[in-house]
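Summary of the model geometry
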Amino acid sequence: MSLAELLTAPVPHRPAVTAEFPAVDGGGLEAVAAHAARLAPYVDAVNATDNPAAHAHASNVAVAIAVRRLGLEPVLQIACRDKNRLAAQADIAGAALHGITTVCCMTGDDVTAGDEPESRRVFDLDGPQLVRTAAVMAGGSYLSGRPLSPAPPLFIGAVENPGAPPFHERATRALKKVEAGARFLQLQICYRPERLSAFCERAEAEGVTPAAALLPTIALVKGARALRFMDTQVPGISIPQDVIERVEKAPDEREASYEVSLELARTALAQPGVRGIHITDFR
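Figured I'd write up the structure that's included with this text. (Residues numbered from 1 in each chain as written. Predicted model: local features only at pLDDT ≥ 70, side-chain atom pairs only at ≥ 80, totals over all residues. Heavy atoms only, no water.)

**Remarks on the overall build of the protein**
In plain terms, the rule: Secondary structure counts use DSSP, requiring at least four H or I residues in a row for a helix and at least two E residues in a row for a strand, with both numbered from the N terminus. C-alpha atoms define the radius of gyration, and 2.2 Å times the number of residues to the power 0.38 defines the globule rule. Burial here depends on accessible area, computed with a 1.4 Å probe over protein chains only, as a share of the maximum for the residue type. Under 20% is buried, over 50% is exposed, and the range in between is partly exposed. Residues count as neighbours in contact if any of their non-hydrogen atoms are within 4.5 Å of one another. In short, Shrake-Rupley with a 1.4 Å probe defines the accessible areas, and a residue's cover is counted only from the protein chains shown.
Of the regular secondary structure elements, the protein holds 10 helices and 8 strands. Taking 2.2 N^0.38 as the reference for a compact globule, 283 residues should give roughly 19 Å; the C-alpha atoms of the protein span a radius of gyration of 18 Å, in line with that estimate. Principal axes of the C-alpha set define a box for the protein whose edges measure 60 × 45 × 40 Å. Residues classed as buried in the protein amount to 49% of the 283 residues present. Across the protein, contacts joining residues at least 24 apart in sequence account for 74% of those joining residues at least 6 apart. When the accessible surface of the protein is split by element, carbon and sulfur atoms take 53% of a total near 13,600 Å².

**Comments concerning the pattern of salt bridges**
For clarity, the cut-off: One side-chain nitrogen of Lys or Arg within 4 Å of one carboxyl oxygen of Asp or Glu is enough to make a salt bridge.
Inspection of every chain in the model, using the stated rule, returns 12 salt bridges. Across the pair Asp 91 and Lys 83 runs a salt bridge whose closest N-O atoms are separated by 2.4 Å. Residues Glu 160 and Lys 177 are paired through a salt bridge, measuring 3.1 Å at the closest nitrogen-oxygen approach. Taken together, the residues span a long stretch of sequence, with Glu 160 in strand E5 (residues 155-160) and Lys 177 in helix H6 (residues 170-180) at a distance of 17 residues.

**Concerning unusual backbone geometry**
Backbone geometry follows two general trends: most residues other than glycine have a negative phi, and most peptide bonds adopt the trans configuration. The linkage connecting Pro 165 with the following residue, Pro 166, adopts the cis geometry, with an omega of 0 degrees. On the secondary structure map, Pro 166 appears in the loop between E5 and H6. Its identity is not glycine, yet Ala 53 carries a phi of approximately 55 degrees, on the positive side. The topology assignment puts Ala 53 in the loop between strand E2 (45-48) and helix H3 (60-69). With a phi angle near 50 degrees, Phe 123 is a residue other than glycine that sits in the positive phi range.

**Remarks on the pairing of strand E1 (residues 16-20)**
Our working definition: We treat two strands as partners when DSSP finds at least two bridges between them. A crossover counts as right-handed when, viewed with the strands pointing away from the observer, the path leading from the first strand over the helix to the second turns clockwise.
Among the 5 residues in E1, 4 count as buried, and that is most of the element. Relative to strand E8 (residues 276-281), E1 runs parallel, the two sharing 4 bridges. Across the sheet, residue Ala 16 finds its bridge partner in E8, namely Gly 276. Since E1 and E2 lie parallel, the crossover through helix H2 (residues 28-39) that links them has a hand, and here it is right-handed.

**A closer look at the nonpolar core**
Note the threshold: Throughout, nonpolar core names a set of buried Ala, Val, Leu, Ile, Met, Phe, Trp, Tyr and Cys residues whose side chains join them through atoms within 4.5 Å.
Phe 21, Leu 185 and Tyr 191 are the most contacted members of the largest nonpolar core, which has 76 residues in total. With 6 residues, the top contributor of residues to this core is H3. Among residues more than four places away in sequence, those in contact with Phe 21 are Val 32, His 35, Ala 36, Leu 39, Val 46, Asn 47, Thr 49, Val 63 and Val 67. Core analysis: the next-biggest nonpolar cluster, separate from the first, contains 14 residues, Leu 6, Met 106, Phe 155 and Ala 213 among them.

Function cannot be read off these values alone, since they describe shape.
So, in structure tokens, the structure goes:
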């Protein structure tokens, strides 16, 4: 069953699971195959990332094609940071030639988050505009109005952060993406369940769901050091000190970290509008 079928079924078949595919720098298709073999038993689809954290890696389209050939469904990420509307449309049309029709549109981390901060920002489009661009292409034309035939049967997604201020505006931002054409939203890492719950309730009230499925992100980490780094160094992520101390003082930090992730996943899956989870790790 495809990700689109799982997330749009009138009666949920089961929770969907997506995951972040590791960034690829070298090692050829053998490296991609090793990652795919590790993830395949557990996930329905994987994100082919687009220069995550503003670091250059193998292209999103190339990785998506390789992943699909290995039998995994790719979710093609496209970031506005690095591409104008021509390049974004080229990614979508090029991937569709290879049968890759699930896309996830995002603004992208600023270049200052990466290792080449002198890079020029593009931001020709913002997140909702990129979603709308994909929707226009799914309707059979480029933004220029030039026909695109056959129209790619796109399943369009976006991202949102329930754990970053302004909290009361996040559901409204999500609604703009849904109105532009998004049918699923992968939510950013959130270690504060009360904020995720408030977001999901507001999203339901404002009509984000059931128009779009919510997929909260659950991060898998090895211990307190990673939690402290995310809390202090990663914009948009705030981790309660008692959670960090719980892991830090545990006899086995890995096991304690896993228990935290498990609790967060269970809480996430109980929220209105949530149709699955997105899994990522940290380094």
